[in-house]
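# Observations on chain architecture
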Amino acid sequence: MSRLKTPTDKVFLNKVTHTVRTAQAVLQYGVGAMVDFPDRTLMTAAPEYWDDKIIHIHDERLEKMLHVDFFGMPGGKDEFWQGISYVRFPQWYFCPKCRRFQPLVKWVQEYRHKATAKQKEQNPHMKRPRCLECRKDLVVSRVVSVCLQGHIDDFPWVQWVHRKNSGGEKQICADPELTFETGATASAGLEGLIVRCKTCKAKASLSGAFDRNAFAKLGEEFRCTGNMPWKNQKVKCDDFPRAMQRGASSVYFPKIVSSLVIPPYSNKANLLIEQSMGYKECLIRIADYDQDERDERIKKRLDEWSSKISIQTSIDVQRVKKILERRLLGSTEEFEDEGVDAGIKYRAEEYEALTGKIPTQELDSHDFLQEVMNVAKYNIPGLKGVTLVHKIREVRALTGFTRINPPGSSISGEGVTGFVSVKEPYTNWYPAYEVRGEGIFVEFDDQMIEQWVSNNTDVTRRANVLNDNYSITYLSEISQRIITPKFLLLHTLAHLLIRQLSFECGYSAASLRERIYCGTEDDGYIMAGILIYTASGDSEGTLGGLVRQGYPDTLPQIFRKAIAKGQLCSNDPVCISSEGQGRDALNLGACHACVLLPETSCEEFNVFLDRGVVIGTFDNEGIGFYSDWLANSTKK
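Since the structure is predicted, the reported quantities are computational estimates derived from the model, not experimental observations. (Residues numbered from 1 in each chain as written. Predicted model: local features only at pLDDT ≥ 70, side-chain atom pairs only at ≥ 80, totals over all residues. Heavy atoms only, no water.)

### Topic: the overall build of the chain
Threshold: Only DSSP runs of H or I reaching four residues or more are called helices, and only runs of E reaching two or more are called strands; each is numbered from the N terminus. C-alpha atoms define the radius of gyration in this analysis, and the globule rule sets the expected value at 2.2 Å times the number of residues to the power 0.38. Categorising residues by exposure relies on relative accessible area from a 1.4 Å probe, with only protein chains included: less than 20% of the type maximum marks a residue as buried, more than 50% marks it as exposed, and the intermediate range marks it as partly exposed. Two residues qualify as a contact provided that any one of their heavy atoms is within 4.5 Å of a heavy atom in the partner residue.
Across its full length, the chain holds 19 helices and 25 strands. Relative to the compact-globule value of 26 Å for 636 residues, the chain shows a C-alpha radius of gyration of 28 Å, a close match. Considered along the principal axes of its C-alpha atoms, the chain spans approximately 80 × 70 × 45 Å. Looking at the chain as a whole, 52% of its 636 residues are labelled buried. Here the contacts in the chain between residues at least 6 apart in sequence split such that 68% fall between residues at least 24 apart.

This is the structure in structure tokens:
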């Protein structure tokens, strides 16, 4: 199996000016994404180039589902004097004074030719791109070409200026020297962005460059180059790319898979084993085993490894062996049962833990500590249970990315058109990071919800409107799904509660996150619950402020306020009467003035929301699940 090339020249960057947070290195600035630093733009390299700069973290369930041995969290300066790796991209830079426009390799060649001996000795690679003639910092190109297969390259500047020459097409000259000029006024638009070739006097504007089929109309030489700069490779690609601005959100869509670490995988014994040197040595050895002989070779050495880890952790050797058998020999196909969706089965395990259905012997947990409350004290209709989660750990793994189109709601993204895995097949880990926090889990009475749906045909009609809108979107082509009234209710309630909790508990809305548990008999498991938890691992920390709001003396008032505020929207009656608003018209009665949250807080990126199923509509005030409760509260 071919492996990625080893880089020949490494340039070490300033740790102060070229630093990103751990979460950023996995999310918006993950593998294949561009990062704008003060003096240049770089692209995060493949994990194979920085696999010795990571901290191992574990989530046994997620490891089995994604078929890896561990996850790698980018290490900070306290653990490693070197950080993760980047590659220079885009390659084209221009001088803001003399307007010369050429690839960075030519700027470096010019630097090595004109720089003094002392400059070349101290800075042989021209760390900070500069024009030696003008003494100005170079400016990176703002335009790149992107294809649906995930490839990305610089805009074909040389081919473009000669093909689109204002005086007619020209042959590409032997030694093209380009300049990049901008119009005197901002109103000039793309016509005011001019590329010239000083050698042959060709001249072209960027007018029409951003059209969807601009390159396809120009012919074969404008096909995708198959460039994958994050791993220094090129492949054959028959697609025609599209020109896009470097900072456009559709240039990079990361696929993140998140998981809660629950008992029995979160107990202290598991943690001690994961952190032991013996277990790390096991994983190193297993990585070299061929897949067909892996299980047999593990069984032969299991007693030896168990004994060694038992000595290191002071855990009974038989218990160590049992845990190792589960972790190293357990089936990786347990989430692929016929008739049960893998996502539903995965969430069902978390649902069982959050509802308190855990054997007593498994509650010796380091990363999961909960308190099941007496729901009778809350006096909130529709509630079946309340659980306060004092400790919770979430692992978020980056499995890959897409460009131009989002990856949809598939489990890991595999199989989606244009999905690019961040790692090579031989690599046994994914980049990830972990968040520790607290949360409130609310379980709803499924029978009451089903009865409400059957008694209100208008509720089903509203859900069908969203399903019809979804069926004509790009996402429906890659991920078929049915939006049920039950999901609309749970999702909208989660948003209303997060908005209200942000006023009560001291966390901002962006520091809270939802996790929806919705399943039916057709899915293979009945679930009706929402978990609201702290999703920020930065300086805000977790001091119990969220959990405190979940006790019987506070949650009922917060719940009532959240529902009541759902009745108010400054955009009514337009908002509540909408038949489709927001992205791809996938919301009904929901906008930024009433329900929407920061997108990092929402699992569905702020779609599939409707206040009408919670509090009713102007035309039918009684269809909301909490319409009667609100009416009775108002009378009192």
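Now that the structure is up, let's keep going.
### Points about the side chain of Asn428
Our working rule: Distance and chemistry together define a polar contact, namely a pair of N or O atoms within 3.5 Å, with one atom able to donate a hydrogen and the other to accept it when in protein, and with adjacent residues in sequence counting only for side-chain atoms on both sides.
Its location among the elements puts Asn428 in the loop between strand 22 (420–421) and strand 23 (429–444). Within the local environment of Asn428, its side chain forms a polar contact with the side chain of Asp69, the two groups lying 3.0 Å apart.

### Focus on the pattern of salt bridges
As a working rule, side chains carrying opposite charge can pair if their charged atoms are close by. Condition: The term salt bridge refers to a side-chain nitrogen of Lys or Arg lying within 4 Å of a carboxyl oxygen of Asp or Glu.
One pass over the structure, following the stated rule, counts 39 salt bridges. The partner of Asp39 in a salt bridge is Arg40, and the shortest N-O contact between them spans 2.8 Å. Like Arg40, Asp39 is buried. For the salt bridge of Arg61 with Glu350, the shortest nitrogen-to-oxygen distance reads 2.8 Å.

### Things to note about the nonpolar core
What counts, and what does not: In these notes, a set of buried Ala, Val, Leu, Ile, Met, Phe, Trp, Tyr and Cys residues joined through side-chain atoms within 4.5 Å is what counts as a nonpolar core.
One finds Phe444, Phe559, Ile563, Val614 and Tyr626 to be the most contacted residues of the largest nonpolar core, which totals 67 residues. Counting residues per element, this core draws most heavily on helix 15 (residues 485–504), at 10 residues. Every residue in contact with Val614, bar those within four places of it in the chain, is listed here: Leu489, Thr492, Leu493, Leu496, Ile563, Gly624, Phe625, Tyr626 and Ser627. In terms of nonpolar packing, the next biggest core, distinct from the first, is built from 64 residues, Phe37, Trp50, Phe89 and Ile273 among them.

### Notes on the environment of Met126
Tracing the backbone shows Met126 in the loop between helix 4 (117–122) and strand 8 (130–131). The spacing of Met126 and Gln447 is 321 residues in sequence and 68 Å in space, taken between C-alpha atoms. If sequence neighbours within four positions are ignored, Met126 has contacts with Arg88, Leu104, Trp107, Val108 and Tyr111.

### Regarding the state of the cysteines
What makes a disulfide is a covalent bond joining the sulfur atoms belonging to two cysteines. Going by this rule: Here, the term disulfide refers to a pair of cysteine sulfur atoms separated by no more than 2.5 Å.
Considering all chains together, one arrives at zero disulfides under this definition. There is no disulfide at Cys173, and the cysteine sulfur nearest it, in Cys197, is 3.5 Å away.

### Some details on the sheet that holds strand 11 (residues 143–146)
Rules: Strands pair, by our definition, only if DSSP identifies at least two bridges between them. Think of each axis as a best-fit line through the C-alpha atoms, taken over the contacting stretch in the case of a helix, with angles from 0 to 180 degrees between the N-to-C directions.
One open sheet accounts for three strands, arranged 12-11-18; its pairing is antiparallel. Each edge of the open sheet carries a strand with a single partner, namely strand 12 (152–154) and strand 18 (242–245). The mean angle between the axes of side-by-side strands here comes to 40°, regardless of whether they run parallel or antiparallel. Looking at chain direction, strand 11 and strand 18 are connected through four bridges and run antiparallel. Directly across from Val143, in strand 18, lies its bridge partner Gln245.

### Things to note about the confidence of the model for the chain
As a reminder, the rule being used: Known as pLDDT, the predictor's per-residue confidence is scaled from 0 to 100.
Here the chain averages 86 in pLDDT, and 90% of its residues register 70 or above. Confidence scores differ between elements of the chain, with helix 19 (residues 627–635) showing the lowest mean pLDDT of 78 and strand 12 the highest of 96.

### Quick word on the sheet that holds strand 2 (residues 41–44)
Across the sheet, three strands lie side by side as 1-2-5; this open sheet has antiparallel pairing. Here the strands that pair on one side only, and so sit at the sheet edges, are strand 1 (34–36) and strand 5 (86–88). Recorded for the sheet is a direction-independent mean angle of 40° between the axes of neighbouring strands. Both strand 2 and strand 5 contribute to a ladder of three bridges, which runs antiparallel. Bridging from a neighbouring strand, Leu42 pairs with Arg88 of strand 5.

### Comments concerning the environment of Pro485
With respect to the element layout, Pro485 can be found in helix 15. Sequence-wise, Pro485 and Cys98 are 387 residues apart; in three dimensions their C-alpha atoms are separated by 61 Å. Look past the residues within four positions of Pro485 in its chain and what remains in contact with it is Trp452, Val453, Val459, Thr460 and Ala463.

### Digging into unusual backbone geometry
Cis geometry marks the peptide bond from Phe89 to Pro90, where omega comes out at 0°. Along the chain, Pro90 turns up in the loop between strand 5 and strand 6 (92–94). Cis geometry is adopted by the peptide bond preceding Pro573, which originates at Asp572 and carries an omega value of 5°. Its location among the elements puts Pro573 in the loop between helix 17 (555–565) and helix 18 (612–615). Not every positive phi belongs to a glycine, and His67 is a case in point at roughly 60°. Considering the arrangement of structural elements, one finds His67 in the loop between helix 2 (60–66) and strand 4 (70–74).

### Looking at the packing of aromatic side chains
What counts, and what does not: Ring pairs shown here join Phe, Tyr and Trp side chains whose ring centres sit within 6.5 Å, with only the six-membered ring taken for Trp; geometry is labelled stacked below 30 degrees between planes, edge-to-face above 60, and tilted in between.
Taken as a whole and judged by the stated rule, the model has 26 aromatic pairs. Arranged with centres 5.6 Å apart and planes meeting at 50°, the rings of Phe155 and Phe215 form a pair that is tilted. Highlighted residues: Phe155 in the loop between strand 12 and helix 5 (157–163) and Phe215 in helix 6 (residues 214–218), separated in sequence by 60 residues. Look at Tyr351 and Phe441: their rings are 5.8 Å apart centre to centre, the planes differ by 80°, and that puts the pair in the edge-to-face class.

### A short note on the packing of helix 15 against helix 17
What counts, and what does not: Left-handed is the label given to a crossing in which the near helix is rotated counterclockwise from the far helix by less than a right angle, and right-handed is the label when the rotation is clockwise. Residues are grouped as follows: nonpolar covers Ala, Val, Leu, Ile, Met, Phe, Trp, Tyr, Cys and Pro; charged covers Asp, Glu, Lys and Arg; every other residue, Gly included, is treated as polar.
In the contact formed by helix 15 and helix 17, the axes pass within 9 Å of each other and the chain directions differ by 115°. In the crossing of helix 15 with helix 17, the sense of the turn from one axis to the other is right-handed. Here Leu493, Leu496, Leu497, Gln500, Leu501, Phe503 and Glu504 of helix 15 come into contact with helix 17, specifically with Ile558, Phe559, Lys561, Ala562, Ile563 and Lys565. Residue composition of the contact of helix 15 with helix 17, grouped by class: nine nonpolar, one polar and three charged.

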